[in-house]
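Residue strings, one per chain:
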Amino acid sequence: MNVIERFNDRYPFGEHLGLEITDAGDGYAEGRLEMEDHHSLSESMLLAHGAVPFGLADSLSAAALASVEGNPGPTIDVRIDYLRPATGDIHGTAEVVRYGEDTGIVEADIHDENDRRVATTRGVYKTNIVEGQNPFVD
């Protein structure tokens, strides 16, 4: 099963959030999310809760990492900078900038439907994951 199928067909949180991975390979991933009323933190207008662009960025980062090693590594730490509110559909990219024996670093950019940057992230993820094993148990 390739990375796109794994994230689009076997990722309950991604399904719940409504995100779709559209491309993944060689340490890179792209995806999108269609904004819906339940993503909003406002009843009077569509305004994404901060967890929505974060969820897309973190998921894209995991997909980019999985495209290198076959399994998504758990998130250790992520810094996110929110640059503008997301008021409609969003899309993004993620790229592995360092892949090491224990950790990898991934950067992601999230944009709105007008291609304006909404958020940027830099995350650290556990690498060399064996599917079915808890990576945090010695």
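The structure we're discussing is the one just above.
All of these numbers come straight from a predicted model, not from anything done at the bench.

Peer 1: I'm lost on the sheet that holds strand β4 (residues 90-99) in this one. Help?
Peer 2: Picture the strands of a sheet paired through backbone hydrogen bonds; they go either parallel or antiparallel. The six strands are arranged β1-β2-β4-β5-β6-β3 in an open sheet whose pairing can be described as antiparallel. The open sheet is flanked by β1 (19-25) and β3 (75-82), the only strands paired with a single partner. With strand direction ignored, the average angle separating the axes of adjacent strands in the sheet is 20°. Pairing of β3 with strand β6 (residues 117-126) involves seven bridges; the strand directions are antiparallel. The residue bridging R79 from the neighbouring strand is R122, located in β6.

Peer 1: Honestly, the nonpolar core in this entry has me stumped. Any pointers?
Peer 2: Nonpolar side chains tend to gather and get buried jointly when the protein is soluble and globular. F7, L33, L56, L60, I90 and I110 are the most contacted members of the largest nonpolar core, which totals 29 residues. Among the elements of the structure, α1 (3-9), β1, β2 (28-33), α3 (51-69), β4, β5 (103-112) and β6 are those that each provide at least two residues to this core. Tallying contributions element by element places α3 first for this core, with nine residues. Residues in contact with L60, not counting those within four places in the same chain, are I21, A29, E30, G31, G92, T93, A94 and I110.

Peer 1: What am I meant to see in a negative patch on the surface here?
Peer 2: Together, E34, E36, D37, D89 and E113 make up a region of like negative charge exposed at the surface. Mapping D37 onto the fold places it in the loop between β2 and α3. Owing to a relative accessible area of 69%, D37 belongs among the exposed residues under this scheme.

Peer 1: Quick question: what am I supposed to make of the side chain of H39 here?
Peer 2: Note on placement: H39 falls in the loop between β2 and α3. Residue H39 is classed as buried on the basis of its relative accessible area of 3%. Sequence-distant contacts of H39, that is, excluding residues within four places in its chain, are made with L17, L33, E34, L47, A48, H49 and V52.

Peer 1: When you look at the packing of aromatic side chains in this model, what are you seeing that I'm missing?
Peer 2: The geometry of two aromatic rings is summed up by the distance between their centres and the angle between their planes. Going through the model one piece at a time under the given rule, you end up with two aromatic pairs. Ring geometry for F7 versus Y11: centroids 5.2 Å apart, planes at 65°, classification edge-to-face. With a relative accessible area of 23%, Y11 lands in the partly exposed category. For the ring pair Y11 and F13, a centre distance of 6.4 Å and an interplane angle of 70° mean the geometry is edge-to-face.

Peer 1: Explanation requested: the pairing of β5 in the structure shown.
Peer 2: Two faces, one strand: in a regular strand the side chains alternate between the faces of the sheet. Most of β5 sits out of view: seven of its ten residues are buried. The sheet contact formed by β4 and β5 spans nine bridges and is antiparallel. Directly across from Y99, in β5, lies its bridge partner G104. Taking the residues that link successive antiparallel strands as the turn, the β4-β5 hairpin has three residues. By the bridge criterion, nine bridges tie β5 to β6 in an arrangement that is antiparallel. In the strand pairing of β6, T103 is matched with K126. The loop that links β5 with its antiparallel partner β6 comprises four residues; one of these, D115, has a positive phi angle of about 65°.

Peer 1: Please explain the pattern of salt bridges as it appears in this structure.
Peer 2: Pairing is possible between side chains of opposite charge, provided their charged atoms come close. The final tally for this structure, using the stated rule, is five salt bridges. Salt-bridge contacts for R122 lead to E107; the nearest nitrogen and oxygen are separated by 2.1 Å. With R122 in strand β6 and E107 in strand β5, this pair connects stretches of sequence that are 15 residues apart. Judged by relative accessible area, E107 falls into the partly exposed class, the value being 33%. Note that D109 and R117 form a salt bridge whose closest N and O atoms lie 3.2 Å from each other. Classification of D109 by relative accessible area gives partly exposed; the value is 23%.

So, how was this worked out
- Residues numbered from 1 in each chain as written.
- Predicted model: local features only at pLDDT ≥ 70, side-chain atom pairs only at ≥ 80, totals over all residues.
- Heavy atoms only, no water.
- Pairing = 2+ DSSP bridges.
- Helix = DSSP H or I, 4+ residues; strand = E, 2+ residues; numbered from the N terminus.
- Axes fitted to C-alpha atoms, helices over the stretch in contact; angles between N-to-C directions.
- Core = buried A, V, L, I, M, F, W, Y, C linked by side-chain atoms within 4.5 Å.
- Buried < 20%, exposed > 50% of the residue type's maximum accessible area, 1.4 Å probe, protein only.
- Contact = heavy atoms within 4.5 Å.
- Patch = residues over 30% accessible without salt bridge, like charges linked within 9 Å, V, L, I, M, F, W, Y side chains within 5 Å.
- Areas by Shrake-Rupley, 256 points an atom, 1.4 Å probe, with all protein chains shown as cover.
- Salt bridge = Lys/Arg side-chain N within 4 Å of Asp/Glu carboxyl O.
- Lys, Arg positive; Asp, Glu negative; His and termini not counted.
- Charge placed at Lys NZ, Arg CZ, Asp CG, Glu CD.
- Phe/Tyr/Trp six-rings, centres within 6.5 Å; stacked < 30°, edge-to-face > 60°.

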